[in-house]
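# Topology and contacts: notes
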Amino acid sequence: MENFGLGQLKNYEYLDHTADIMFHTWGKDLKEALEQMVLIMNNYMVELDSVELDESATEQTISVKGHDMDSLLFALLDEFLFVFSTEFIIFKQVEIISFDRENFTIEAIGKGVELDKSKHTTGTEIKAITYSCMKIEENPDKSDIHVIVDI
């Protein structure tokens, strides 16, 4: 099987948590940390280094709204998980093109391909996003996000 690298995914770690898994991502700002969080979730379900963005790649625009930052993060991950679960699209690139902190909205473009078990190495199914231990930390030079998902 060819290794196509992790693409855009670079700032993450998996942390053990009882019966679930915690994702930790970071970036130079919150936008980058959020993009990384979507990608780490996809990488947990399908190893992104087995995914090649070729001519079959598709782009989808994802628009979400929350009532605070935690609910916005939840909505973003939940919508990408929904697309994976219903359309079997595994996203290897994510760009947040609009991020409104006052109205708690995000518009993102995901680029990915349809899951093909003959080409892609599958990981662990994610059943749901949770609010448990969810944490968003912003500092002038780095933002960190922690999210636990139900597996």
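Model, not experiment: these values are computed from the prediction.

### Brief notes about the overall build of the protein
If you tally the helices and strands in the protein, you get two helices and eight strands. Ordered by position in the sequence, the α and β elements of the protein form the string β-β-α-β-α-β-β-β-β-β. Rg of the C-alpha trace for the protein: 14 Å, near the compact-globule value of 15 Å for 151 residues, within the 12% margin. Summarising its shape, the C-alpha atoms of the protein cover approximately 40 × 35 × 30 Å along the three principal directions. Every one of the 151 residues in the protein was classed for burial, and the buried ones make up 45%. Of the contacts formed within the protein by residues at least 6 apart in sequence, a portion of 68% connects residues at least 24 apart. Accessible area of the protein: about 7,600 Å², with a carbon and sulfur share of 45%. Averaging the positions of the 12 positive and the 30 negative side-chain charges in the protein gives two centres separated by 2 Å.

### Let's talk about the side chain of Gln36
Along the chain, Gln36 falls in helix H1 (residues 30–45). At 2.8 Å, the side chain of Gln36 and the backbone nitrogen of Lys10 are in polar contact. Filtering out sequence-adjacent residues up to four positions away, Gln36 remains in contact with Gln8, Leu9, Lys10, Asn11, Thr25 and Trp26.

### Some thoughts on the pattern of salt bridges
In total, this model carries five salt bridges according to the counting rule given. The closest approach of N and O atoms between Lys31 and Glu35, which form a salt bridge, is 3.1 Å. With Lys31 and Glu35 both in helix H1 and four residues apart, this pair spans about one turn of that helix. Under the relative-accessibility criterion, Glu35 is labelled buried at 7%. Taken together, the shared-partner salt bridges in this structure form one network comprising Lys10, Lys28 and Glu32.

### Considerations on helix H2 (residues 69–87)
Residues that lie three or four places apart on an α-helix share one face, since the helix turns once every 3.6 residues. Counted at 1.5 Å a residue, the expected span for H2 with its 19 residues is 27 Å, and the 27 Å between its end C-alpha atoms agrees. Of the residues making up H2, those classed as buried are Met69, Ser71, Leu72, Leu73, Phe74, Ala75, Leu76, Leu77, Phe80, Leu81, Val83 and Phe84. Between the side-chain oxygen at the start of H2 and the backbone nitrogen of Asp70 there is a gap of 3.3 Å, and the oxygen is on Asp68. Two residues or fewer past H2, Phe88 is found with a positive phi of approximately 60 degrees.

### Concerning the packing of aromatic side chains
Counted under the stated rule, the structure contains three aromatic pairs. Note on Phe74 and Tyr131: the rings are 4.6 Å apart at their centroids and 5 degrees apart in plane angle, and the pair reads as stacked. With a gap of 57 residues between them, Phe74 in helix H2 and Tyr131 in the loop between strand S6 (128–129) and strand S7 (135–138) connect regions that are remote in the sequence.

### Some words on the packing of H1 against H2
Running from amino to carboxyl end, H1 crosses H2 at an angle of 35 degrees, the nearest separation of the two axes being 11 Å. The element H1 and its partner H2 pack so that their crossing is right-handed. Contacts from Leu30, Leu34, Met37, Val38, Met41 and Met45 of H1 reach H2 at Met69, Leu73, Leu76, Leu77, Phe80, Leu81 and Phe84. The class makeup of the residues in the contact of H1 with H2 is 13 nonpolar, no polar and no charged.

### Overview of the environment of Glu59
Relative to the helices and strands, Glu59 is located in strand S3 (residues 58–65). Taking the relative accessible area as the measure of exposure, Glu59 reaches 54% and is therefore exposed. Linking Glu59 and Val83, residues 24 residues apart in sequence, is a C-alpha distance of 12 Å. With sequence-adjacent residues up to four places away left out, Glu59 is seen in contact with Ile109, Gly110 and Lys111.

Conventions used here
Residues numbered from 1 in each chain as written. Predicted model: local features only at pLDDT ≥ 70, side-chain atom pairs only at ≥ 80, totals over all residues. Heavy atoms only, no water. Helix = DSSP H or I, 4+ residues; strand = E, 2+ residues; numbered from the N terminus. Rg over C-alpha atoms; globule rule 2.2 N^0.38 Å. Buried < 20%, exposed > 50% of the residue type's maximum accessible area, 1.4 Å probe, protein only. Contact = heavy atoms within 4.5 Å. Areas by Shrake-Rupley, 256 points an atom, 1.4 Å probe, with all protein chains shown as cover. Lys, Arg positive; Asp, Glu negative; His and termini not counted. Charge placed at Lys NZ, Arg CZ, Asp CG, Glu CD. Polar contact = N/O pair within 3.5 Å; in protein donor to acceptor, adjacent residues only side chain to side chain. Salt bridge = Lys/Arg side-chain N within 4 Å of Asp/Glu carboxyl O. Expected span 1.5 Å × (residues − 1). Phe/Tyr/Trp six-rings, centres within 6.5 Å; stacked < 30°, edge-to-face > 60°. Axes fitted to C-alpha atoms, helices over the stretch in contact; angles between N-to-C directions. Left-handed = near helix turned anticlockwise from the far one by under 90°. Nonpolar A, V, L, I, M, F, W, Y, C, P; charged D, E, K, R; others polar.

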